[in-house]
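Architecture and fold: a report
Listed here are the chains, written in short residue letters.
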Amino acid sequence: MAKNSTSFVNDSSSHGVCFLSVPFFDPNNMNPPGSVYPTWTFLATVNGIASLPTAVLNGLIIWTVFWDETIRSSTFNLLLGLLAVTDFLVGLLVEPIFCVLLGCFVKGCHSPCQFTMHALLMLPCCGITMVILVAASVERYLAIQHPNFYLKHVTGKRVIVTTIMTCVSTFTCLMASSAFLNKNHPSLTRVPIMIVTSVSALVILYCSVKVQLTAYRQSKTIAQQQASVQQADEQQQQEQRLKEYKKGLVMTILVGLMVVFYIPFMIVAAIEAVGGKDVTREFKYLSSPVCITFLQLQSLINPIIMTLRLSYIRQGIKNKLSFFTGN
């Protein structure tokens, strides 16, 4: 292990610093203790195993949503399809590159630009995921809280265009500000990301709480009305409303999972804020890889939740699988 540590230092001194790095640790001052290597190997294995099912499951959801006219006619389903695209890229590119990066750390070969390559893939995926979850939360809020406005103004085309424009502008601002701060004020590099994350979290929280409270109250009312004799059109309207509430619940679960997978980042930030320079070297070299692994595993859990909670997604995937099996 001592040989690996030496090669880290020698290798890092021979490379220039790229304009952006992942907040693992200082890529120009790599001298990790030997105790971190087994954990790096384990994390590389976990990401490697998860990458294939992540890509496959999200690929099936993309195929189901965008190649079925009935499913893609819903703006909510379009947003789920966009979320699956970012998760698919995580399984196809981000996790394999992360495995290579950790493998290089274990072998003692690396350069600062390897951090940048992973960052340029991971940060857009995380940022786009956050924007899509915000858009989906607002979409559910409008569908349930303001149904007349929703039916009149919210269309699939408008949602897609707005989401893409928001993703591009958010990503551009984050990259520009992070690169500037990384060069001039390294200690503030995370501030733009924290601001965007905080604002997004507040919007998601507000919309999710309002949607769930309304869905709970109106579901009880619908259940009472269904016990009485109703006309066919009234029953159809109530069934449609219940489907909208179910979609809102799925959105809340996805958001809740996002919070769960971000908890390690919050814990690490709190420990660093309290401990400062007193944190151990093992913590310094392991905290970010562990947090990033949790974050990337969310891309595997999202399609599983969609499949389990939405029957039309589940049936669509079954149809796609039957296409390959010939049944």
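Because the structure is a prediction, the values reported are computed rather than measured. (Residues numbered from 1 in each chain as written. Predicted model: local features only at pLDDT ≥ 70, side-chain atom pairs only at ≥ 80, totals over all residues. Heavy atoms only, no water.)

So, about the overall build of the protein. Scanning the protein from N- to C-terminus turns up 11 helices and 0 strands. For the protein, the α and β elements follow one another from N to C terminus as α-α-α-α-α-α-α-α-α-α-α. By the burial criterion, 44% of the 327 residues in the protein qualify as buried. Surface accessibility of the protein: about 16,900 Å² in total, with carbon and sulfur atoms responsible for 68%. (Helix = DSSP H or I, 4+ residues; strand = E, 2+ residues; numbered from the N terminus. Buried < 20%, exposed > 50% of the residue type's maximum accessible area, 1.4 Å probe, protein only. Areas by Shrake-Rupley, 256 points an atom, 1.4 Å probe, with all protein chains shown as cover.)

Helices that pack against each other are described as a pair by the angle of their axes relative to one another and the distance between those axes. Where helix α2 (residues 37-66) meets helix α4 (residues 75-107), the closest approach of the two axes is 7 Å, and the angle between their N-to-C directions is 155°. By the angle class used here, α2 and α4 are roughly antiparallel. The two elements α2 and α4 meet at a crossing, and its hand is left-handed. Grouping the amino acids of the contact of α2 with α4 by side-chain chemistry returns 22 nonpolar, 10 polar and 2 charged. (Axes fitted to C-alpha atoms, helices over the stretch in contact; angles between N-to-C directions. Parallel < 35°, antiparallel > 145°, perpendicular 65-115°, else oblique. Left-handed = near helix turned anticlockwise from the far one by under 90°. Nonpolar A, V, L, I, M, F, W, Y, C, P; charged D, E, K, R; others polar.)

A grouping of Val259, Val260, Ile263, Met266, Ile267 and Ile271 is seen on the molecular surface, where their side chains present a nonpolar patch of about 500 Å² in accessible area. Note that valine 259 resides in helix α9 (residues 232-275). (Patch = residues over 30% accessible without salt bridge, like charges linked within 9 Å, V, L, I, M, F, W, Y side chains within 5 Å. Salt bridge = Lys/Arg side-chain N within 4 Å of Asp/Glu carboxyl O.)

Turning our attention to the UniProt feature "transmembrane region" (unreviewed entry) in the protein. Here the UniProt-annotated "transmembrane region" (unreviewed entry) positions come out as residues 40-66, 78-103, 115-138, 159-181, 187-209, 249-271 and 283-305. Annotation note: span residues 78-103, helix share 100%, strand share 0%, distance between end C-alpha atoms 37 Å. In residues 249-271, helix accounts for 100% and strand for 0%; the two terminal C-alpha atoms are 33 Å from one another. (UniProt positions renumbered as here; feature names shortened; annotations may be inferred.)

Another aspect to go through is empty space enclosed by the protein. By the definition in use, this model includes 2 cavities of 30 Å³ or more. For the largest cavity, the calculated volume is near 140 Å³. In this structure, the largest cavity is lined by 15 residues; those nearest its centre are Cys126, Thr129, Leu295, Gln298 and Ser299. Sorting the residues of the lining of the largest cavity by element identifies α4, α5 (112-145), α9 and α10 (281-309) as the ones contributing at least two each. When its residues are assigned to classes, the lining of the largest cavity shows 9 nonpolar, 5 polar and 1 charged. Taken as a whole, the second largest cavity encloses approximately 40 Å³ of empty space. If you go around the second largest cavity, the residues you meet are Ser137, Arg140, Cys207, Ser208, Val211, Gln212, Gly248, Met251 and Thr252. (1 Å grid on protein atoms, 1.4 Å probe; cavity = no way out; pocket = protein on both sides within 12 Å on 5 of 7 lines; lining within 4 Å. Points joined across faces, edges and corners; volume = space filled by probe spheres on them.)

Enumeration according to the criterion identifies 2 salt bridges in this entry. Between glutamate 139 and arginine 140 there is a salt bridge; the shortest N-O distance is 2.7 Å. Here glutamate 139 falls in the buried class, since its relative accessible area comes to 4%. Two residues, arginine 140 and glutamate 244, come together in a salt bridge whose shortest N-O distance is 2.6 Å. A residue pair is termed long-range when its members are at least 10 positions apart, and arginine 140 in helix α5 and glutamate 244 in helix α9 qualify at 104 residues. A cluster of three or more residues bridged by salt bridges with shared partners is formed by Glu139, Arg140 and Glu244.

Let's shift gears to the environment of lysine 107. Residue placement: lysine 107 occurs in helix α4. Using a relative accessible area of 65% as the deciding quantity, one classes lysine 107 as exposed. A sequence separation of 70 residues divides lysine 107 from tyrosine 37, and the C-alpha atoms of the two residues are 9.3 Å apart.

Looking at the second largest pocket, its volume works out to about 390 Å³. Lining of the second largest pocket is provided by 19 residues; of these, Val134, Ala135, Val138, Thr162 and Thr166 occupy positions nearest its centre. Contributing elements (two or more residues each) for the lining of the second largest pocket: α5, α7 (156-184) and α8 (191-226).

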